[in-house]
Amino acid sequence: MSNSQAAVSFLTNLARAAFGLGAGATVLGASLYTVDGGQRAVLFDRFRGVIDDTVGEGTHFLIPWLQKPYIFDIRTRPHTFSSVSGTKDLQMVNLTLRVLSRPEVSRLPDIFKTLGLEYDEKVLPSIGNEVLKAVVAQFNADQLLTERPHVSALVRESLIRRAKDFNILLDDVAITHLSYGAEFSKAVEQKQVAQQEAERSKFVVAKAEQERRAAIIRAEGESESAKLISDATAAAGMGLIELRRIEASREIAATLAKTPNVMYLPKENNLLLGLNPAR
């Protein structure tokens, strides 16, 4: 065998080995799949269908072409959706609900069979609207504000129960937004204004009543004082009147004595000034 034939044979064997290694690596790669943290896998077999066992985290083997893995995220995820619902007194209310959901791990094969990978997007908005409408219809519009904790508790209990039917677990349910229609908001504002006016009217009436009572008490006091003076005068005769006159004269004299521009002369000295007191 010549050197050229030996070289061709070597290259041919090398190519065959490389092809074998490549094919083996391809088959090995197709036979492995990895489930990351926070995930679980459901295995579909072309002959047996969906296998009932859930595959945990790590790297696992499968039969290429015959089997195929479907990866589920089992971590809690938030979902938000809105609903327009009618209250017991026929008012329209806009509500926004936020839920934190995750699948029931042991039931992942059933979830895949009935709902697929997007199970939460298919189920939660539907049952959320259903529960909101059913709960809101039990209350009047103003009760949704005054009894909001009770309303939230009813929504939570009902939604958790409905989601359980679809093998979905809810870690939290909360009403994040609640608003009324324009007509109801205007009616509430008018009611508040009317209540304020009513309170103001009550205050005005109460004030007038207090003033009336004060006037009555003042009049009764003055009447009682006049009666006491009249009784005292009748009992003491002219003596009390004379006493009041003397007290008044003292006050006038004291005032005149403090005034520098006023001169006071006794009555008997009027003749010195040529005055006739009889005139």
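The protein chain is annotated in an unreviewed UniProt entry as Prohibitin of Escallonia rubra. Note on the protein chain: under the UniProt heading Sequence similarities (unreviewed entry), the record states "Belongs to the prohibitin family." Taken directly from UniProt, the Subcellular location (unreviewed entry) text for the protein chain runs: "Mitochondrion inner membrane".

Engineer: Could you clarify how one ought to interpret the nonpolar core in this entry?
Structural biologist: Here is a general trend for soluble globular proteins: nonpolar side chains tend to be buried in one another's company. Core analysis: the biggest nonpolar cluster contains 34 residues, and Leu97, Leu144, Val155 and Leu159 have the highest contact counts within it. Put simply, the parts of the chain that give this core at least two residues each are strand 7 (92-103), helix 2 (108-114), helix 3 (119-136), helix 5 (148-164) and strand 8 (168-180).

Engineer: Sorry, what's going on with the side chain of serine 85 here?
Structural biologist: Looking at the secondary structure, you find serine 85 in strand 6 (residues 77-86). Of the polar contacts made by the side chain of serine 85, one reaches the side chain of serine 83; its length is 3.2 Å. Excluding residues within four positions of it along the chain, serine 85 makes contact with Gln91, Met92, Val93, Leu95, Leu132, Lys133 and Val136.

Engineer: Help me understand the sheet that holds strand 3 (residues 49-55), please; the structure alone is not making it clear to me.
Structural biologist: Strand pairing in a sheet takes place through backbone hydrogen bonds and is either antiparallel or parallel in direction. Read across the open sheet, the three strands follow the order 3-2-5; overall the sheet is antiparallel. Single-partner strands in this sheet number two, and they are strand 3 and strand 5 (67-73). Taking the axes of each pair of neighbouring strands and ignoring which way they run, one obtains an average angle of 25° across the sheet. Alignment of strand 2 (residues 39-45) against strand 3, held across four bridges, turns out to be antiparallel. Within strand 3, the residue paired with valine 42 across the bridge is threonine 54.

Engineer: How should I be thinking about unusual backbone geometry in this particular structure?
Structural biologist: Glycine aside, negative phi is the norm for most residues, and most peptide bonds take the trans geometry. Although it is not a glycine, tryptophan 65 adopts a positive phi angle of roughly 70°. Even without being glycine, leucine 90 reaches a positive phi, approximately 65°. Note on placement: leucine 90 falls in the loop between strand 6 and strand 7. Relative accessible area serves as the criterion here: at 74%, leucine 90 is assigned to the exposed category.

The rules behind the values
- Residues numbered from 1 in each chain as written.
- Predicted model: local features only at pLDDT ≥ 70, side-chain atom pairs only at ≥ 80, totals over all residues.
- Heavy atoms only, no water.
- UniProt positions renumbered as here; feature names shortened; annotations may be inferred.
- Core = buried A, V, L, I, M, F, W, Y, C linked by side-chain atoms within 4.5 Å.
- Buried < 20%, exposed > 50% of the residue type's maximum accessible area, 1.4 Å probe, protein only.
- Helix = DSSP H or I, 4+ residues; strand = E, 2+ residues; numbered from the N terminus.
- Polar contact = N/O pair within 3.5 Å; in protein donor to acceptor, adjacent residues only side chain to side chain.
- Contact = heavy atoms within 4.5 Å.
- Pairing = 2+ DSSP bridges.
- Axes fitted to C-alpha atoms, helices over the stretch in contact; angles between N-to-C directions.

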